[in-house]
Amino acid sequence: MAGENIIKVLLVEDNPGDVLLLQELFKEVIAVVVELMPVERLYEAVNYLTNETFDVILLDLSLPDSQGLQTFVIAHNQAKATPIIVLTGINDETLATSAMQQGAQDYLVKGQVTGDLLVRSMRYAIERQRADNALRQSEERFRVALKNSPIFVYNQDKDLRYTWVYNPPSGLTVEKILGKQDLDIIPVEDAQHLIAIKRGVLTTGIGTRKEVSITIKDTTRYYDLTVEPLRNETQEIIGVTCARIDISERQAALRDRKLAEEKIREQAALLDVTTDAICVRDLNNQIIFWNKGAETLYGWQATEACGKNASELLDDEPSPEIEAALLQAISQGKWQGELTKLTKMNKEVLVASRWTLVCDEQGKPKSILTVDTDITEKKHLEAQLFRAQRLESIGTLASGIAHDLNNILTPILAGAQLLPLKFPNVDERTRHLLEILEINARRGADLVKQVLSFARGVEGKHITLQLKHIIVEIAKILKETFPKSIEISTNVPQDLWMVSGDSTQLHQVLMNLCVNARDAMSNGGTLSISAENMLIDANYARMNLEAKEGPYIVITVSDTGVGIPKQMLDRIFEPFFTTKDVGQGTGLGLSTVLGIVKSHGGFVNVYSEPESVTSFQVYLPAVGGIETISPEDLPPQTGHGELILVVDDEAAIQEITITSLEAHNYKILVASDGIEAIALYAQNRDKISAVLMDIMLPSLDGLTAIRTLQKINPQVKIIASSGLMSDKKLSAVAAIGVNTFLSKPYTVNELLLSLQKVLS
């Protein structure tokens, strides 16, 4: 319309009285403004319609230059998009009805209208005309679309005879189809299937869409068939209207794609079964395939990894090894070697990597297939084995040297003892020289004994003994002989188990460890000796190559001295290796300790923090009276589905802890550092029953993480864990309100008892 409240009207009326009446009626209308353009003859109206547009035409069919229905036809042809309302007299309603059948929107009887009725009729006429125009445009678009598409559209009556056809399929014409049924033009079996579908729509009145096939002359074509009920003005179903599109090519492509996808799924399933990390990258180093093994090893899900640059995802910085591997894979078709890569948690893993160049059908390189096998644990075990072999080799060498030294020292010592007897009257100076000779020969002999103790473990008389008596005796000696600046403390339970061993040798083990601890505390400190009973299980044995399942006594000698540098930890048990100044040590103290402990069937662990704490733990097999387990040593009760947050950066410890707790009816969440632990706890604080927190963590240390968790939930239940249970560390943990500490490596029973303690 000309405006929302303006209706522009062309009035074609030759009676001035009727024109005046209509003008007065329009003046009475308040809701809209009617702009009325009156003309008396049809040719005037045609001229106006040629140059102007109107919202509606009020048309009298009896004009001076045109009479009857022809008047409407001429006006309608001139302005098909403009609605026409016929004005008629009382005796001309039949003519007006004929005009409506030809396209008039309404008719009004002169003398029986009001202004509001006129406006309402004009509004309705305008809206109906708009709808008619939109319908015509839609139908035209539909016709054009069908003309350029492969869709076969048709109507069928209730007997399923074709009554209207558009765009018939190849080989058929409209004339061949009209009036026929499906049985007349397609094979019986296919026709019956189509009839069943269409009968269902006729019966239910609900449209349907099916995929059907039609076979003609051994050629099967596939179609997407849509069937809808066809209704008349009273909504009675008078047939069906159908649309059918040929999808044979698409169906063939779909079948081929399904076969290819099935093959790919089978191959992917095989790739996902393997524990190896399999990755495919394009020549731009972008990851395009990432299997389950890669997700497990590196922590990145396939959705996260695909599309990323492999070097940026798995390497901390550009690596010459990676560039060399890439060049060799492209130039020679393959490469293999060992690489250090980073996981999602920024943890280094060592992998055996095999790279293979993949080419397309034309033989052009298109991608690189990489298969990575995690050898981190294998290398760790190999390092332990090589260390043991190295020590064994050094021991064999030392044993041979000791044998020769014994042969040399025997006559020297004997001669030093015999000469005073053969020459009793020698002067005092000579006698003093002979004493010096004997003393130093004895020192040499003691040195040889220490070498033999390392080399093959000196065999002594093993008896069943109680170590707490040796510890008490040594503590007494230390308090009397060590500087007063060194505080001596002991902690030995009354129910300490017995061991089978040589008391002299075990005394030497503890003394050597204590002397080393004293030398590490030149400015004073605390030296502590403790002992405890420990039942080692399979989980603990997995975490320590030298451990075996069974009962042990653990003696821990700790000091608060300068600590041992990390790079030296692997060498401290080698004979003659020492960090002390020349003349202050032989380098045989710890090698002797190791030899004696191994001869007793035990092993030694060492933990150290530079400039802080060093702790040696001596594990000796317990004997006698421990086959009968006391009630407090029985396996603790299993959990009741509680959710435990395990925070540890060691994958092996994570795996063992998860396995142990899940086997005892606990649920697990795992974090590899303090930041991840805080995020997981914040998301699941109402579900998590307890937190097992390693104190030594990357990114954010355990103590800081614990304080943060306590701010989130002051009632959080926490078990602190560490490989070094020093007094300093225990004090720091206790200071923030955590009273349960679990020392690594721990057994399943220790873990479960600690959980039972905090949860109760």
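Look up a bit, the structure's there.
For every chain, the first residue of its written sequence is number 1, and the numbers climb from 1 along that sequence. Selection of residues for local features in this predicted model requires a pLDDT of at least 70, selection of side-chain atom pairs for listing and counting requires 80 or more, and totals for whole chains, interfaces and linings are taken over all residues. For side-chain calculations, the full set of non-hydrogen atoms in the structure is used, while hydrogens and water are omitted.

With respect to the overall build of the protein
Logical step 1: Regarding its fold elements, the protein presents 24 helices and 29 strands.
Logical step 2: Out of the 760 residues belonging to the protein, those deemed buried represent 41%.
Logical step 3: In this analysis, two residues are considered to be in contact whenever any of their non-hydrogen atoms come within 4.5 Å of each other. Put simply, of all contacts in the protein between residues at least 6 apart along the chain, 61% involve residues at least 24 apart.
Logical step 4: Of the accessible surface of the protein, which amounts to about 41,400 Å², a share of 53% is contributed by carbon and sulfur atoms. Helix and strand definitions follow DSSP, with helices as H or I runs of at least four residues and strands as E runs of at least two, each counted in order from the N terminus. Relative accessibility decides the category of a residue: with a 1.4 Å probe and only protein chains considered, values under 20% of the type maximum give buried, values over 50% give exposed, and everything between is partly exposed. Here, Shrake-Rupley sampling with a 1.4 Å probe gives the accessible areas, and only protein chains in the shown set may cover a residue.

Re the pattern of salt bridges
Logical step 1: Whenever Lys or Arg places a side-chain nitrogen within 4 Å of a carboxyl oxygen from Asp or Glu, that contact is recorded as a salt bridge. Taken as a whole and judged by the stated rule, the model has 18 salt bridges.
Logical step 2: In this structure, Arg-209 engages Asp-224 in a salt bridge whose closest nitrogen and oxygen atoms are separated by 2.4 Å. Remark: Asp-224 occurs in strand 11 (residues 219-231) and Arg-209 occurs in strand 10 (residues 208-216); sequence separation between them is 15 residues.
Logical step 3: The exposed category is assigned to Arg-209, whose relative accessible area is 61%.
Logical step 4: Notably, a salt bridge pairs Glu-546 with Lys-598, separated by 4.0 Å at the nearest N-O pair. One end of the pair, Glu-546, is in the loop between helix 18 (538-543) and strand 22 (550-559); the other, Lys-598, is in helix 19 (residues 589-599), with 52 residues separating them in the sequence.
Logical step 5: With relative accessibility at 40%, the residue Lys-598 sits in the partly exposed group.
Logical step 6: Several salt bridges converge on common partners, so that one network encompasses Glu-13, Asp-18, Asp-60 and Lys-110.

Side note on the pairing of strand 1 (residues 6-12)
Logical step 1: Taken across its 7 residues, strand 1 has 5 buried, putting it largely inside the fold.
Logical step 2: Of the pairings in the sheet, the one linking strand 1 to strand 2 (residues 33-39) comprises 7 bridges and is parallel in character. Paired with Ile-6 across the bridge in strand 2 is Val-33.
Logical step 3: With helix 1 (residues 16-28) bridging strand 1 and the parallel strand 2, this β-α-β connection has right-handed handedness. Strand pairing is defined by DSSP finding a minimum of two bridges between the two strands. Convention used here: a crossover is right-handed provided that the path from the first strand, over the helix, to the second strand proceeds clockwise when the strands point away from the viewer.

Quick look at the packing of helix 2 (residues 42-51) against helix 3 (residues 69-78)
Logical step 1: It is at 10 Å that the axes of helix 2 and helix 3 come closest, and there the two elements cross at 10 degrees. Between helix 2 and helix 3, the angle is such that the two are roughly parallel. Facing Leu-42, Val-46, Leu-49 and Thr-50 of helix 2, the residues of helix 3 in contact are Thr-71, Ile-74, Ala-75 and Gln-78. Every angle, taken between N-to-C directions, lies between 0 and 180 degrees, and every axis is a line fitted to C-alpha atoms, over only the stretch in contact when it is a helix. Here is the rule for angles: anything less than 35 degrees is roughly parallel, anything more than 145 is roughly antiparallel, 65 through 115 is roughly perpendicular, and the remaining ranges are oblique.

Structural notes on the sheet that holds strand 2
Logical step 1: An order of 2-1-3-6-7 is seen for the 5 strands of this open sheet, with the pairing classed as parallel. Each of the sheet's edge strands pairs with one partner strand only, and the pair in question is strand 2 and strand 7 (106-109). When the angles between neighbouring strand axes are averaged without regard to direction, this sheet yields 25 degrees.
Logical step 2: On the sheet, helix 4 (residues 93-102) packs against strand 6 (84-88) and strand 7 and is oriented at approximately 165 degrees with respect to strand 7.

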